[in-house]
Amino acid sequence: MAEYLRDQGVPTSDILSETTSTSTSENITRSLELLESAGRPGPIMLVTSDYHVLRTASLARRMNVDAQVVGSRTARYFVPSAFIREFIALLVENRVATLIAVGTFAVLLVAILVGTLSSALG
């Protein structure tokens, strides 16, 4: 990204590169530390792949980070697998809500099936 910014005419002195993170949360944390140490606090914009926006925004909110999240275009061939991966990741990150929703759906489904069977048999 730093190379892209330089190619777009952004002065090197205005570019801070965070190169050590291995996850989105580490990237946000280390980027905030980098900005603070450079005397550039304040609201930030998180730029990520368009399929990753929802999870990044959710993560930033949980981290109490004042940020806007925008997405960049994803290559078409990668879109289906990327969105499926993000959907699964959201389900895993929100296990309790997912379990409640799936449990409620299962109970309703069983109730409908039992009601249908009772009507058919009785």
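Residues numbered from 1 in each chain as written. Predicted model: local features only at pLDDT ≥ 70, side-chain atom pairs only at ≥ 80, totals over all residues. Heavy atoms only, no water.

(A) View of the packing of aromatic side chains. In this structure the tally under the stated criterion is one aromatic pair. For the pair Y51 and F83, a centre-to-centre distance of 6.3 Å together with 65° between the ring planes defines the contact as edge-to-face. Of this pair, Y51 sits in the loop between β1 (44-49) and α3 (53-62) while F83 sits in helix α4 (residues 79-93), and the two are 32 residues apart along the sequence. With a relative accessible area of 13%, Y51 lands in the buried category. (Phe/Tyr/Trp six-rings, centres within 6.5 Å; stacked < 30°, edge-to-face > 60°. Helix = DSSP H or I, 4+ residues; strand = E, 2+ residues; numbered from the N terminus. Buried < 20%, exposed > 50% of the residue type's maximum accessible area, 1.4 Å probe, protein only.)

(B) Summary view of the side chain of T56. Relative to the helices and strands, T56 is located in helix α3. Since its relative accessible area comes to 4%, T56 is described here as buried. If we skip the residues at most four places from it in the chain, T56 touches T24, L46, T48 and V69. (Contact = heavy atoms within 4.5 Å.)

(C) Main features of unusual backbone geometry. At N64, a position not held by glycine, the phi torsion is positive, near 60°. Within the secondary structure layout, N64 lies in the loop between α3 and β2 (67-72).

(D) Focus on the layout of surface pockets. The computed volume of the largest pocket comes to approximately 930 Å³. Taken together, 24 residues line the largest pocket, and the ones lying closest to its centre are M1, N27, S31, M45 and V47. Contributing elements (two or more residues each) for the lining of the largest pocket: α1 (2-7), α2 (24-37) and β1. A breakdown of the residues in the lining of the largest pocket according to their chemical character gives 13 nonpolar, eight polar and three charged. (1 Å grid on protein atoms, 1.4 Å probe; cavity = no way out; pocket = protein on both sides within 12 Å on 5 of 7 lines; lining within 4 Å. Points joined across faces, edges and corners; volume = space filled by probe spheres on them. Nonpolar A, V, L, I, M, F, W, Y, C, P; charged D, E, K, R; others polar.)

(E) Local environment of the pairing of β2. Of the pairings in the sheet, the one linking β1 to β2 comprises six bridges and is parallel in character. The partner of T48 across the bridge, within β2, is G71. Tracing the backbone out of β1, into α3 and back to the parallel element β2 gives a crossover that is right-handed. (Pairing = 2+ DSSP bridges. Right-handed = clockwise from strand over helix to strand, strands pointing away.)

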